Amino acid sequence: MQNPNIPRQKTEAELKIDSLLEKLKTVDIDLEQETADQEQLNPYERMLSIRNVWETIKDKLHNPETALDVGSGFGYGTVMLDAQGIKTVGIENVPAKNEQALELFNQLDITLKEIDKIDFENSPAILETDFNKLSDQEVTDLITMFYLSGELISNPETLKTCEKLLKTNGQMILSTEADRAHVEEILASGNLKLPTNFSWEIIDVPNNFEKTIILLTKN
Ligand SMILES: C[S@@+](CC[C@H](N)C(=O)[O-])C[C@H]1O[C@@H](n2cnc3c(N)ncnc32)[C@H](O)[C@@H]1O
């Protein structure tokens, strides 16, 4: 058993994210977007919040090898997952965001590739498309939606598309800035109906921008 007085050595992935966070503190880029989610414009804060979501949830995952990071925005989640050794494709339908994602990570010597179909061998990569237009079946172990888009998740097609793309036993991480009480209220209201063939749980992320995770597992 680990002696609690001796600090655990950080893993390679944890060190990679630490170094990325340090670089993001000083990166010189003015991101622009047209929507109201202003938090996306702060790369350091976004990466920190996503890292905290990941640290909270990672032990509950089934060792995913591949991930689709849906609504990838400026690519933070896509890059973070790739740094964990998970082959990841970000899906984002706003061209200006994808261009800026490439430029942002290029400044940190991380090449985000642009691809035109799901191909995990190009990880980390971005596929510019409306998520609900994807027609692939059972291709991924994990789907993430960090800082979940209300518009995306309230579209009934979105969870059907997730179900189609996920392999059996695959998992979804939905993280939101809403607190647990708000998430429970939305689920109880029936405005967000989780698919019946998934099991799910709600997990708190203390002291973080994204306060709540819904973890879903496809049965
Ligand atoms: C709140 S932002 C979160 C961005 C990023 N995941 C993050 O953690 O910073 C939600 C993103 O979902 C994208 N989005 C919304 N609907 C989409 C769709 N149908 N297909 C692909 N992306 C979509 C938006 O353009 C936006 O970039």
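Residue positions are given per chain, counting from 1 as you read along its sequence in written order. For a predicted model such as this one, the threshold for reporting local features is a pLDDT of at least 70, and the threshold for listing and counting side-chain atom pairs is 80 or more; totals across whole chains, interfaces and linings nevertheless cover every residue.

The name that an unreviewed UniProt entry assigns to the protein chain is Methyltransferase domain-containing protein, with the source organism given as Candidatus Komeilibacteria bacterium RIFOXYC1_FULL_37_11.

Asks: So what's going on with the overall build of the protein chain? Residues and values would help.
Replies: Helix and strand definitions here come from DSSP, where helices need a minimum of 4 consecutive H or I residues and strands a minimum of 2 consecutive E residues; each element is numbered from the N-terminal end. Within the protein chain, the regular secondary structure consists of seven helices and eight strands. The principal-axis extent of the C-alpha atoms belonging to the protein chain is close to 45 × 45 × 35 Å. Each residue is classified by how many other C-beta atoms fall within 10 Å of its C-beta atom, where C-beta atoms are placed from the backbone; a count of 20 or more means buried, 12 or fewer means exposed, and values in between mean partly exposed. Counting the 219 residues in the protein chain, one finds 36% classified as buried.

Asks: Mind laying out the environment of Thr196, listing which residues take part and the relevant values?
Replies: When you line up the elements, Thr196 lands in the loop between α7 (180–189) and β7 (198–204). Each C-alpha atom, one on Thr196 and one on Asn219, is 9.4 Å from the other, the two residues being 23 residues apart in sequence.

Asks: Residue-level account of the sheet that holds strand β2 (residues 87–92), with values.
Replies: Two strands are counted as paired when DSSP detects at least two bridges linking them. Strand order in the open sheet formed by eight strands is β3-β4-β2-β1-β5-β6-β8-β7, with mixed pairing between adjacent strands. The open sheet terminates on both sides in strands that have one partner only, identified here as β3 (113–115) and β7. Along the sheet, successive strands turn relative to each other by an average axial angle of 20°, direction set aside. Strand direction decides the pairing type here: strand β6 (residues 166–176) and strand β8 (residues 212–218), joined by six bridges, are antiparallel. Along β8, the bridge assignment pairs Gln171 with Thr217. Of the strands in this sheet, β1 (66–70), β5 (140–145), β6 and β8 touch helix α6 (residues 156–165), which is tilted by about 140° from β6. Lines fitted to the C-alpha atoms define the axes, with helices restricted to the stretch that makes contact. Angles between their N-to-C directions range from 0 to 180 degrees. Once C-beta atoms have been placed from the backbone, residue pairs whose C-beta atoms lie within 7 Å are recorded as contacts.

Asks: Summarise the site of the ligand; cite the residues concerned and give the values.
Replies: Proximity of a residue to a molecule or strand is defined by its backbone-placed C-beta atom lying within 6 Å of that partner. Around the ligand, the surrounding shell holds 22 residues, and the nearest of these are Gly71, Gly73, Phe146, Tyr147 and Ser149. Residue assignment for the shell around the ligand shows that the elements contributing at least two residues are α2 (43–57), α3 (76–83), β2 and α5 (150–153). The residue inventory of the shell around the ligand, partitioned by class, reads eight nonpolar, eight polar and six charged. Asp, Glu, Lys and Arg are counted as charged, while Ala, Val, Leu, Ile, Met, Phe, Trp, Tyr, Cys and Pro are counted as nonpolar; the rest, among them Gly, fall into the polar class.

Asks: Describe the pairing of β5, with residues and values.
Replies: Most of β5 is tucked away, with six of its six residues classed as buried. Of the pairings in the sheet, the one linking β1 to β5 comprises three bridges and is parallel in character. Residue Asp69 lies in a different strand from β5, and its bridge partner there is Thr144.

Asks: Account for the nonpolar core, naming residues and giving values.
Replies: Note on definitions: a nonpolar core is a set of buried residues drawn from Ala, Val, Leu, Ile, Met, Phe, Trp, Tyr and Cys, linked by C-beta atoms within 7 Å. Ile50, Leu68, Met80, Ile143 and Leu174 are the most contacted members of the largest nonpolar core, which has 46 residues in total. Sort the elements by how many residues they give to this core and α3 lands first, with five residues. Not counting residues within four places of it along the chain, the set of residues in contact with Ile143 comprises Ala67, Leu68, Val70, Cys162, Leu165, Leu166 and Met172.

Asks: Mind laying out α2, listing which residues take part and the relevant values?
Replies: Expected helix span is computed as 1.5 Å times (number of residues minus one). Between its first and last C-alpha atoms α2 spans 21 Å; for 15 residues at 1.5 Å apiece the expected length is 21 Å, and the two agree. Listed in full, the buried residues belonging to α2 are Pro43, Arg46, Met47, Ser49, Ile50, Arg51, Val53 and Trp54. Against α1 (12–26), α3, α4 (95–106), β6 and β8 lie the buried residues of α2.

Asks: Lay out the packing of α2 against α3 with the relevant residues and their values.
Replies: Between α2 and α3, the shortest axis-to-axis distance is 10 Å and the interhelical angle comes to 50°. The orientation of α2 with respect to α3, classified from their angle, is oblique. In this structure, the crossing between α2 and α3 has a hand that is right-handed. Across the interface between the two elements, Pro43, Arg46, Met47, Ile50, Arg51 and Trp54 from α2 touch Tyr76, Gly77 and Met80 from α3. A breakdown of the residues in the contact of α2 with α3 according to their chemical character gives six nonpolar, one polar and two charged. Orientation labels follow simple angle bins: below 35 degrees gives roughly parallel, above 145 gives roughly antiparallel, 65 to 115 gives roughly perpendicular, and whatever is left gives oblique. When the near helix sits turned anticlockwise from the far one by under a right angle, the crossing is termed left-handed; a clockwise turn instead gives a right-handed crossing.

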